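# Remarks on the overall topology
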Amino acid sequence: MAGGDDGYVIERSLRFWDDNSAYLKRTMGTPTSSGTWTWSGWVKRSELGTNQAIASCFGGSIYTTFYFDTNDKLFFYDYNVEYTTDVRFRDVGAWYHICIAHSASSSITIYVNGAQVHQRTSNVPSVSRFNHSGGTANIGTRQTSSSGRSLYYHGYIAEVNFIDGQALGPTNFGEFDDLNVWQPLKYSGTYGNNGYYLNFSDNSSTSTIGADSSGNSNNFTSHNISVASGAGNDSVLDSPTDNYCTLNESYYTQGQAQVKDGALYFTTGGRSYPVMGTMLIPPTGKYYFEVEISNANEIAIGLTNHQGNSSGQEGIHLMYSRTALQNYGYYINGVNQGNSGSPLAVNDIVGVAINADNSQISWYKNGSLVQGNKTFTNTHQVPYVSTLSGSGSCQGTINFGQQPFTYTVSGYSALSTSNMSDPDIEDPSTQFDAKLYTGNGGSNHAITGMNMSPDFLWIKTRSHDATHMLMDSVRGADKMLGTNANFPESTVGPSWQSSWGNLDSFDSNGFTVTNGSSGNGNFNSLNKTYVAWAWESASSTSGNTDGSITTQVRANPTAGFSIVTYTGTGSSASIGHGLNAAPDLVIIKARSNGYSWIVWHSVFETASNTDNLFLSANGARGDYNYNFWNNTVPTSSVVNLGTQSSVNGSGTTYVAYCFTSIPGYSSFGKFEGNGSTAKGPYINCGFTPRWVLLKDYNDTNPWHMWDSAREPFNHKANSLLANYSWTETDENSDNMDFLSYGFRPADGQNSGNGNGTLYVYAAFADHPFKHARAH
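Bear in mind that the values here come from a model prediction, so they are computed numbers and not experimental data.

### A short note on the overall build of the protein
Looking only at helices and strands, one finds three helices and 58 strands in the protein. For 775 residues, the compact-globule estimate of 2.2 N^0.38 gives 28 Å, and the C-alpha radius of gyration of the protein, at 28 Å, lies within 12% of that figure. Seen through its C-alpha atoms, the protein measures out along the principal axes to roughly 85 × 70 × 40 Å. Expressed as a percentage of the 775 residues in the protein, the buried residues total 63%. Summarising the internal contacts of the protein: among those between residues at least 6 apart in sequence, 67% fall at separations of at least 24. Working note: accessible area of the protein is about 24600 Å², and carbon and sulfur atoms make up 41% of it. A gap of 4 Å separates the mean positions of the 39 positive and 60 negative side-chain charges of the protein.

### Comments concerning the sheet that holds strand β35 (residues 456-461)
On the basis of which strands lie adjacent, the open sheet formed by five strands has the order β33-β40-β35-β36-β37 and antiparallel pairing. Of all strands in the sheet, those with a lone pairing partner are β33 (432-438) and β37 (476-481), marking the two edges. Across the sheet, the mean angle from the axis of one strand to that of its neighbour is 25 degrees, orientation sign disregarded. Sheet topology note: the β33/strand β40 (residues 529-535) ladder contains seven bridges and is antiparallel. Residue L436 lies in a different strand from β40, and its bridge partner there is V531.

### Examining the sheet that holds strand β47 (residues 613-614)
Here we have seven strands laid out as an open sheet, ordered β41-β42-β43-β49-β45-β46-β47, and antiparallel in their pairing. Strands with a single pairing partner mark the edges of an open sheet, and in this sheet they are β41 (542-544) and β47. Sheet topology note: the strand β46 (residues 598-601)/β47 ladder contains two bridges and is antiparallel. Across the sheet, residue V599 finds its bridge partner in β47, namely L613.

### Some remarks on the nonpolar core
A general trend in soluble globular proteins is that nonpolar side chains are found buried together. By size, the foremost hydrophobic cluster in this structure holds 61 residues, and its most contacted members are W533, W535, Y566 and W629. Per element, the largest residue contribution to this core is six residues, and it comes from strand β49 (residues 653-659). Grouped together as the second largest cluster of nonpolar side chains are 48 residues, I10, V291, W363 and L739 included.

### Remarks on the packing of aromatic side chains
Centre distance and the angle of the planes are the two values used to describe a pair of aromatic rings. A complete count under the given rule lists 53 aromatic pairs for this structure. Note on F561 and F659: the rings are 4.9 Å apart at their centroids and 25 degrees apart in plane angle, and the pair reads as stacked. Within this pair, whereas F561 is found in strand β43 (residues 561-567), its partner F659 is found in strand β49, the two being separated by 98 residues in sequence. Here the two residues F561 and F659 agree in accessibility, since each one is buried. These aromatic residues form a ring-pair network of at least three members: F432, F456, W458, W533, W535, F561, Y657, F659, Y665, F668, W691 and F764. Taking NZ or CZ as reference, K44 lies 6.0 Å from the ring centre of Y156, over its face. Just above the ring of F68 sits the side chain of R45; from NZ or CZ to the centre is 4.0 Å.

Parameters at a glance
Residues numbered from 1 in each chain as written. Predicted model: local features only at pLDDT ≥ 70, side-chain atom pairs only at ≥ 80, totals over all residues. Heavy atoms only, no water. Helix = DSSP H or I, 4+ residues; strand = E, 2+ residues; numbered from the N terminus. Rg over C-alpha atoms; globule rule 2.2 N^0.38 Å. Buried < 20%, exposed > 50% of the residue type's maximum accessible area, 1.4 Å probe, protein only. Contact = heavy atoms within 4.5 Å. Areas by Shrake-Rupley, 256 points an atom, 1.4 Å probe, with all protein chains shown as cover. Lys, Arg positive; Asp, Glu negative; His and termini not counted. Charge placed at Lys NZ, Arg CZ, Asp CG, Glu CD. Pairing = 2+ DSSP bridges. Axes fitted to C-alpha atoms, helices over the stretch in contact; angles between N-to-C directions. Core = buried A, V, L, I, M, F, W, Y, C linked by side-chain atoms within 4.5 Å. Phe/Tyr/Trp six-rings, centres within 6.5 Å; stacked < 30°, edge-to-face > 60°. Lys NZ or Arg CZ within 6 Å of the ring centre and 35° of its normal.

Next comes the structure, spelled out in structure tokens:
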């Protein structure tokens, strides 16, 4: 697995820092075939938005190169043939596998993580400068003349194979495992004359770090690479089979501490925004990291909520501030807990030990404990460093274990995927999935291929305007509701089914739909395209008496999801939800009346009359001042209801969909937009999303939805709107990046990333971070 379970293990990678102009080079011999070759390698990015060459070759005044450009796309140039992939690569949290197959005069094909992202079949050169006799091959830079190098790479590279004389596909170097995660394979074929294999395993000296392990002795010479002990060592344990935490280079558009040197060096210089790690602290386990101080005018070191803030004092951290004369003060959730110890000095090493099993944090200075076992709430916490004000400064290097620790704490491990416990839901597709299909215009069209029997289906046409259709197994497959319309379920009778089509059944591995007479059928019109989002609940419905109203419930506590039906009383009441944990998201719709869809989200923290949103409307939080929740937040057993008819009218029937977060599978939270068209805020969910629902809760923009089924690569340009019937292209300016550890708005639109705008979200996983590839 990606976390280092059974299978082929890649032990090391080599770090490249553009500020050091680091690269490898060698002189190429006579090729087996100049125009036919394959390059395969794994890369982990540390910086975005700049031109960074992965490899190049110069010979005879012509060069070939491929690199990440300023738009984070892969740019390829070979003998006057050039193109840029449509796909963006904006993930700094995990590893990409890149495979380029060049077939002379035939095709140039680029694959990423086993999937083809680009192919050119016209004007392909028969002779390639990437495999040129006497040419200079480079890794980590672009060479355009005999002495001219530029576009130095910033990040990590591992497991490089170059095959001379064969144009091979990615399956020679990797395969999908049972969780559908792309995993490395040891290449077992031949290499040809100029072929080489670099695993960077011999770090005994700078002259051996570029040794060729193919048997060809096509060794590379290293330049500005260090293997000396300490923070400058560029030979690290971070690899595609054991992914380590690094610092996130671009959480904020301005004012954030800068990160360099493989995202392990930070410098603030008066920037007040913190710099944070790419990994959430797991819910279980014991983890340790170190910070070596280069400048400690004022510094905070510890944990903070993944959303961060502009004040260093709102984290969980050890703090030193010369201006405030506080030595080893520590803050928990913004409150100063006391001071002790002596000042930090240059070259001091602060160790941070996090016991996630009992939610305690300890700090060490040069191996000696200075603050021990301080309790904190382990919810969406990430490692971070920060100044405490805009005038302070701090510099240093952080080590999450990819390099040897200077000190150790017994029982504590590096923050890497191999040290994380397996998530409770290793394969999220068994609990939630997104499925694409094309209508055939007939009856009983079976949509198969799911790893579950869905209990809740949300179906939306992609290619034409039509109402969202929501069905569940408690109400019955033939009972339809629509989030962009407030019609009651009781009106969805045979006439609607005849016109729109219907869901015939929930099946063991999917569902069956039938077309209607309308040309804009909502389920199965001929050649119309659809997406279905599916959740699994329990296998049967049971009565629940936890609340004052007896409910009918299908509850899946493992996945944090339940379907609840009930009849209102008109007076304050409560309904049991069966999750054994307090819900983070509650969505209620009246079945027998045309009332709005009512939403409560845990980020509201209270349940006053203003703590609500309408799924079927653009309204902001509290636009409708009604007693939905009886001023009481949901508990581990019940959802509390007021007297408003949309949730508890006398004799009215309702359905409630209740969700609670499950680490590695689902996340419900909030964030503040920054208005940037290039670098929106990172939302660290602890997994690669399959589906994200988003709403600005203090403004009046629509509910947006993205998923990785419709757009499988990083960048999502086509959202669907929960409260509109529009096609997925009507709002294509609202862009989103899905990442190995969460998501990030990719433009400055108010609907997804307005400056200072607050948003709530719900997200479900494609892969938990332990197994995730860069997205």
